[in-house]
Amino acid sequence: GESREIAYTNKQAGVFYTETSGEHRNSWQGWTISAKKMLHDYAVFLDRRLLRRSETTEAVVYPHQLIRKYDGGLEEIVTLLDSLDALIVEFHNVTAESVRLAPLFLDAMRSDVYEVTSQDSVLLIARKNHLRRSGKENYPVWVGVASHEDISVLEEDLMVPTLSGFSPASVEAKVKDEKVRFIIVVGDTKEEVAALARHVRFNSERLKEVKKNRLENLLRYSRVRTSDDRLNAALMWAKVSLDALIMNQMGKGIFAGLPWFNNYWGRDTFISLPGATLVTGNFKEAREILLSFSSLQETNPQSPNYGRIPNLVTTESTSYNTADGTPWFIRELYEYVKYSNDTLIVRELYPVVKRSIQGTLRHHVDEHYFLVHGDAETWMDAVGPDGPWSPRGNRAAEVQVLWYFQLLIGSFIATYVGDLDAAEEWGSIASSVNVNFNEMFLEQVTGEVYDHLNPDGTPDRQVRPNQIFCLDIVNSEAVRQKLITTVVSQLTYPHGVASLSQNDEDFHPYHHYQPFYVQDAAYHNGVVWTWLSGQVIYGMTRYDLQEKAYRLTENLIDQILDYGGVGTISELLDTAPRPDEKRPRRSGTFSQAWSLAEFIRNIYQDYFGVMPDATGDILFLSPRLPKSIEEVEFLQHVGTASVSIHYLVAGDRVRVTLSSAELERELTVHFFWPLENGDAWRARLKLRPGKTLRIVFDAKRFSLFEDQEQISSRPMYLTNYSLRNHFADLRFAQPMVNEGLRALKGPDHTVLQLEDVRQQNANAKIIYNAIDEKDDDHGTGNYRYPKNPHFAEGILDITKFQVTADRRNVYFKMQFRNLVNPGWHPEYGFQLTYVTIAIDKDGMENSGNRQIGANSNFLLDPRFAYEMAVYVGGGLRVVDAAGKIVAEYFPGEGDSRDPIGDVSTRTISFSIPIKHIGIPDERWQFSVLVGAQDDHGGAGLGEFRNVVRRADEWAGGGKMNPHDANVYDTILPR
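Just so we're clear, the structure is a prediction, and the values are computed from it rather than from any experiment.

The rules we used
Residues numbered from 1 in each chain as written. Predicted model: local features only at pLDDT ≥ 70, side-chain atom pairs only at ≥ 80, totals over all residues. Heavy atoms only, no water. Pairing = 2+ DSSP bridges. Helix = DSSP H or I, 4+ residues; strand = E, 2+ residues; numbered from the N terminus. Axes fitted to C-alpha atoms, helices over the stretch in contact; angles between N-to-C directions. Salt bridge = Lys/Arg side-chain N within 4 Å of Asp/Glu carboxyl O. Buried < 20%, exposed > 50% of the residue type's maximum accessible area, 1.4 Å probe, protein only. Contact = heavy atoms within 4.5 Å. Expected span 1.5 Å × (residues − 1). Bend = angle between axes of the 7 residues up to and from the residue. Phe/Tyr/Trp six-rings, centres within 6.5 Å; stacked < 30°, edge-to-face > 60°. Lys NZ or Arg CZ within 6 Å of the ring centre and 35° of its normal. Lys, Arg positive; Asp, Glu negative; His and termini not counted. Polar contact = N/O pair within 3.5 Å; in protein donor to acceptor, adjacent residues only side chain to side chain.

Picture the strands of a sheet paired through backbone hydrogen bonds; they go either parallel or antiparallel. Pairing within the open sheet is mixed, and its 5 strands lie in the order S37-S38-S42-S43-S47. Strands at the two margins of the open sheet, each flanked by one partner only, are strand S37 (610–613) and strand S47 (716–718). Averaged over all neighbouring strand pairs, the angle between strand axes comes to 15°, with direction disregarded.

This is the structure we're talking about:
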């Protein structure tokens, strides 16, 4: 009755993102390898009848494969193999005589774009521009389709409108024993693809079993069973979904989220590391991830990024534009060693630790030893054409906490390796940071924790969730309690933690809400971030508020099992349901690494209360079980050993059992169990190799057994230790959407609709007609396109420009040598091309504005100063000479049915009502400027993308004078 999103990865660089029982709903879906879209979908025909996924009667999702069931017993089984770039699509119980499979592509709908051939009974398809990739572009180019049976290759164009795709060729296989199996593979050369297809063809059953066994072993190695079946299922799915994001695309790393964060973000990776690897005992991949990122540290002492670990690692570039990623790295290195007892890595990476602190002290501290940074160098990093949407420069609270612990850990490691001078210096600085933080980040009277300090030293008092990370640096117990109360009562809803208080005038309740604002305006200004529940749950369980905290966990369980992407957690949620809807909408990525990781970490560290220190042969047990969980049995890895732990709660009586057959040395267990009445038991116990330790207690008595023999113990009974009564009246915030919010008032100017901008009149009068020569898209010199392959050759080269008009509208049409639609926003019809049309309406010199805005750096000839200008990118904007917006068009999701861009004809065309632009006459002159579009990743109109001296992934190159324009091609009045 519904379709849900599902993604599988091959643990290398491949992702297959699809629907359980429906057609692909967005252009991100399909098969991506090395962040490059290789295949949008495939169409299946049974005796030439299209098999529609909407006809699916039932979908069964396994961790290793997807099964779709249709009427008549037909089954479609989809498996993306481990380690190989190979997708198996098979059909059982087939009543047709033949089955045809057509690979579908989305970004090019013409056969002349593709090269089609066959080899060794394998259909081979490649985009011609991919065959000309540069040596630095690391993605495969050939897609191959084969079958277990002999195939017929059908070289004919095929449009499948219901699946939104184009196929230049397909294959047809005869049905044998009511079964057909297709193999879709990808590779660099035709020979490589043919060889891989042959390998999969003869080993498909074994290769499918390899993936299944690996996932079964993953769950067995970190097994957990509780009395809550929904928690058990959600926890297993979270582990599987997060494991799928641990990839080997550019060395070992963790994809931040799917579908569009299919690359490594340092901050996200390190926040995810405990839940993704440490609590489950996956120390091997944790080590590989730490070493992979450490190898990319900036080591040039003269660089302002000296000592930083990368914020972003893609197939094309490495960026260091964050202040908190490096402290998170140091923190997780320390946690990894505590879990794994891998002390060898400490000496191996000490130079990395030392550079990280030296670089910060050299380039990024103030007189108070606070870590200073830019407005968008924290996790709240969204940037728009006018700058950061939530500027937090230059000293964010949680960054100081991370820096404080970076110094403490650095001092500890320096002592371990014998660098005592560094240890003493860093320890002293850490003490200064602690003292100064408690003096300067806290309102001493009210206990308020400031979100950040501005460059002039004034505090920012916006109520944001970042203060929850300050619990462990705040010295005052009263302030800690105030902090918990503020975050829970003002920012935490039952479904998650908001990024800004709803009482703030800049609050945005919904993520996507055009035409009122672009989504990045709301990204850190109101919407719920699911990963933040992790730190709030940590804070609440410290005060024995697990019953309230578990409401957040239950909401995440609901999402994993019943809502959205199968078995996973989304990046964001709206803060409130839309009118006439029952629950807040999911948003952002449908599967987010740190959201999954924090969910898993909470279960182990905060509810089960388990924390190992393998370096000291210590295990800390301090459970905070909600009442709904009466029994827990799980495996905890401590270094090279594993300990089986069992909790059983029966009324007031509790039994805890610990055992391990793998211990080589005695393990000290620091045991702490809070009781319902506010008291607690505390004990220090010894778990000896090969022995079982059993603890039985209630509010009055504590007994300890080794194997079956009772042994003496000296537990401590703490009376009224808990502070939970201080929070007896604490309640979650309830979402309330104030209609008077500034974000919901909408723009003051006219908002155009699709029907306004897509008017057509073939008989309209021609006002202006210009032809521009091809291959002149070189700017003021020898400009080069950004290196990302989406900036295809010719998309910045305008060849024709025409203006026509009638009594109601002015019509604009632009032809380009090429035009692309990466699929990020199908409602635009194109992307990465940006145009400004400046209109000189009176023909008088210097009578209008000469400066073209939107980061163009372009100054018009005085004779053609403009009275009106039209900006064209992710929508349209009409402005007057003073820069005032007259009218604007924001494409909505439904506008993909008739977008202003058309890549098949390489044109952008639109209409603007005369009342917003004026009635054209013979005096009108047009200046057309073309450049690369930059919407800063947040959608919307965007602006001209920067051109610098040397091109990189997202900036053009070849500009020798920094004052030159960011414009590649022009059509100017004569």
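Turning our eyes to something else, we now look at the pattern of salt bridges. The final tally for this structure, using the stated rule, is 64 salt bridges. One salt bridge connects Lys-252 with Glu-288, and the closest N-O pair in it is separated by 3.8 Å. Highlighted residues: Lys-252 in the loop between strand S21 (246–247) and strand S22 (253–258) and Glu-288 in helix H5 (residues 283–294), separated in sequence by 36 residues. The salt bridge involving Arg-742 is made with Asp-506; its shortest N-O contact spans 3.5 Å. A residue pair is termed long-range when its members are at least 10 positions apart, and Arg-742 in the loop between S47 and strand S48 (750–752) and Asp-506 in the loop between strand S32 (496–498) and helix H11 (519–523) qualify at 236 residues. Assessed through its relative accessible area of 47%, Arg-742 is described here as partly exposed. The network of salt bridges with shared partners includes Lys-11, Asp-82, Lys-211, Arg-214, Asp-243, Lys-252, Lys-284, Glu-285 and Glu-288.

Take the side chain of Ser-642 next. Structurally, Ser-642 is set in strand S40 (residues 641–650). Contacts of Ser-642, omitting those with residues within four sequence positions, involve Leu-635, Gln-636, His-637, Ser-659, Ser-660 and Glu-662.

Pairing within the open sheet is antiparallel, and its 5 strands lie in the order S31-S32-S33-S34-S35. Of all strands in the sheet, those with a lone pairing partner are strand S31 (492–493) and strand S35 (586–587), marking the two edges. Bridge analysis of strand S34 (residues 572–573) against S35 gives 2 bridges, and the strand direction is antiparallel. Bridging across to S35, Leu-573 finds its partner in Arg-586.

This paragraph deals with helix H4 (residues 266–278). Spanning 13 residues, H4 covers 17 Å between terminal C-alpha atoms, matching the ideal 18 Å at 1.5 Å per step. The sharpest bend along H4 comes to roughly 50°, located at Ser-272, with the proline Pro-274 sitting one to four residues further on.

What follows concerns the packing of aromatic side chains. Tallied over the entire structure, the rule returns 51 aromatic pairs. With a centroid separation of 6.0 Å and an interplanar angle of 35°, the aromatic rings of Tyr-513 and Tyr-517 are classed as tilted. Relative accessible area serves as the criterion here: at 6%, Tyr-517 is assigned to the buried category. For the pair Tyr-785 and Tyr-968, a centre-to-centre distance of 5.5 Å together with 90° between the ring planes defines the contact as edge-to-face. A residue pair is termed long-range when its members are at least 10 positions apart, and Tyr-785 in the loop between strand S49 (765–771) and strand S50 (798–805) and Tyr-968 in the loop between strand S61 (943–944) and strand S62 (969–971) qualify at 183 residues. One exposure class covers both Tyr-785 and Tyr-968, and it is buried. Counting every residue linked through ring pairs, the aromatic cluster contains Tyr-604, Phe-608, Phe-634, Tyr-647, Phe-671, Trp-673, Trp-681, Phe-697, Phe-702 and Tyr-717. A cation sits over an aromatic face here: Lys-36 above Tyr-139, 5.3 Å from the ring centre. Sitting over the ring of Tyr-563, Arg-586 keeps its end group 5.7 Å from the ring centre.

The next thing to look at is the side chain of Asp-679. Turning to its location among the elements, Asp-679 is positioned in the loop between strand S42 (667–674) and strand S43 (680–687). Among buried Asp, Glu, Lys and Arg side chains, Asp-679 stands out as unpaired, with Arg-724 the closest opposite charge at 8.7 Å. Separated by 2.7 Å, the side chain of Asp-679 and the backbone nitrogen of Asn-720 make a polar contact. When sequence neighbours within four positions are dropped, the list of residues in contact with Asp-679 reads Pro-674, Tyr-717, Leu-718, Thr-719, Asn-720 and Tyr-721.

Within strand S60 (residues 925–934), 9 of the 10 residues are buried, leaving the element largely enclosed by the surrounding structure. Both strand S52 (residues 833–840) and S60 contribute to a ladder of 8 bridges, which runs antiparallel. What sits directly across from Ile-837, in S60, is Val-928. Sheet topology note: the S60/S62 ladder contains 3 bridges and is antiparallel. From the neighbouring strand, Val-928 faces S62, where its bridge partner is Ile-971. As judged from the 2 bridges shared by S60 and S61, these two strands associate in the antiparallel manner. For Gln-933, the partnering residue across the bridge sits in S61 and is Phe-944.

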